[in-house]
Amino acid sequence: MLEEEYEPRRVLPQHLRPAPPAEPEFEYVIRAATEQDLPSVREIYNHYVLNSAVTFDEKPQTLAALRKKFAIATKLRMPYLVAENPRGQLLGVAWLFPWQGNTANRRSVELSIYLGPAATGKGLGKVLMEQLLAEAKLSGIRDVVAVIADKGAEASIQMHKKFGFKEVGRMGRVGFKYERWLGTVMLQKSLKG
């Protein structure tokens, strides 16, 4: 055996070690979604359908269903935003839709924000929320409602509260996914005034 195999390896002091490579900047632009974005929107949304309980949907959303919902939102001039990186990849999506899907409720809307897995924890959800609420106010929306799963979405609930949403109700055991019962937390923010 060689002598160096018996001696502990020497380690350079911290100040002499090369700097680790810089992490690439997290860059994106927020823009209005187009119909061409819908396959990527579907991919982001279906990630949550298949891997989490933040949506109670159990079957992946079809492109046809997403196109229909997008057409309704567009016709009603509801904000529907995407975050896109410089390479053209969608990182997140945020939209408003009439509360409970009824067009008579177009002044009271439900908010949805979904981020791609690589975009979570970087502040993008907050940026999308700010933009969505600003556009909602400009478009005459009166109230914004968020319905959030009561398990596994604590960070989302806290983010909504930081934006002034108030808890207005809870519904227990209204969804069953992954062999467990789930409830919802309902939050509401008034934009009037």
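These lines cover the structure that appears in this document, whether it is placed above or below. (Residues numbered from 1 in each chain as written. Predicted model: local features only at pLDDT ≥ 70, side-chain atom pairs only at ≥ 80, totals over all residues. Heavy atoms only, no water.)

So, helix α3 (residues 124-138)
To be explicit about the condition: Helix and strand labels come from DSSP, where a helix needs a run of H or I of at least four residues and a strand needs a run of E of at least two; each type is numbered from the N terminus. Helix span is expected to be 1.5 Å times the residue number reduced by one. A simple rule labels every residue: compare its accessible area, found with a 1.4 Å probe on the protein chains alone, to the largest value its type can have, and call it buried under 20%, exposed over 50%, or partly exposed in between. Directions drawn from the helix axis to the C-beta atoms are what define this arc.
A rise of 1.5 Å per residue sets the reference length of α3, with its 15 residues, at 21 Å; its end C-alpha atoms lie 21 Å apart and thus fit the reference within 8%. Residues L124, G125, L128, M129, L132, L133 and A136 constitute the buried set of α3. Each buried residue of α3 sits inside an arc of 155° when the element is viewed along its axis, so together they form one side. Of the residues one or two after α3, G140 is the one with positive phi, at around 85°.

Section: unusual backbone geometry
At R77, a residue that is not glycine, the phi angle is positive and equals roughly 60°. With respect to the element layout, R77 can be found in the loop between α2 (63-75) and β2 (80-84). Classification of R77 as exposed rests on a relative accessible area of 72%. Its identity as a non-glycine residue notwithstanding, Q100 has a phi of 60°, on the positive side. Residue placement: Q100 occurs in the loop between β3 (90-98) and β4 (108-115).

Observations concerning helix α1 (residues 38-51)
Applied cut-off: In this analysis, two residues are considered to be in contact whenever any of their non-hydrogen atoms come within 4.5 Å of each other.
Taking 1.5 Å of rise per residue, the 14 residues of α1 would be expected to cover 20 Å, and the 20 Å separating its terminal C-alpha atoms lies within 8% of that figure. Of all the residues in α1, the buried ones are L38, V41, I44, Y45, N46, Y48 and V49. Each element contacted by the buried residues of α1 is listed here: α2, β2, β3, β4 and β6 (166-177).

Description of a nonpolar patch on the surface
Rule in force here: Patch membership needs two things, relative accessible area over 30% and no salt bridge, and members are linked within 9 Å if like-charged or within 5 Å if nonpolar (Val, Leu, Ile, Met, Phe, Trp, Tyr). To be clear on the numbers: accessible area is Shrake-Rupley with a 1.4 Å probe, and residue cover counts the displayed protein chains and nothing else. Counted as salt bridges are all cases of a side-chain nitrogen of Lys or Arg within 4 Å of a carboxyl oxygen of Asp or Glu.
Nonpolar side chains collect at one region of the surface, where F56, M171 and V174 lie side by side and expose about 240 Å² of accessible area between them. Structurally, V174 can be placed in strand β6.

Digging into the packing of α1 against α2
Our working definition: Helix axes use the C-alpha atoms of the stretch in contact, all axes being lines fitted to C-alpha atoms, and the angles between their N-to-C directions lie in the range 0 to 180 degrees. Angle categories: roughly parallel below 35 degrees, roughly antiparallel above 145, roughly perpendicular from 65 to 115, and oblique for all the rest. Under the grouping applied here, Gly and all other residues not named as nonpolar or charged are polar, the nonpolar ones being Ala, Val, Leu, Ile, Met, Phe, Trp, Tyr, Cys and Pro and the charged ones Asp, Glu, Lys and Arg.
At their nearest, the axes of α1 and α2 sit 10 Å apart, and the two run at 110° to each other. As summarised for this structure, α1 and α2 are arranged roughly perpendicular, according to the angle between their axes. Residues L38, P39, V41 and R42 of α1 lie in contact with α2, whose contacting residues are L63, L66, R67 and F70. Residues of the contact of α1 with α2, tallied by class, amount to six nonpolar, no polar and two charged.

Distances and angles like these do not, on their own, reveal function.
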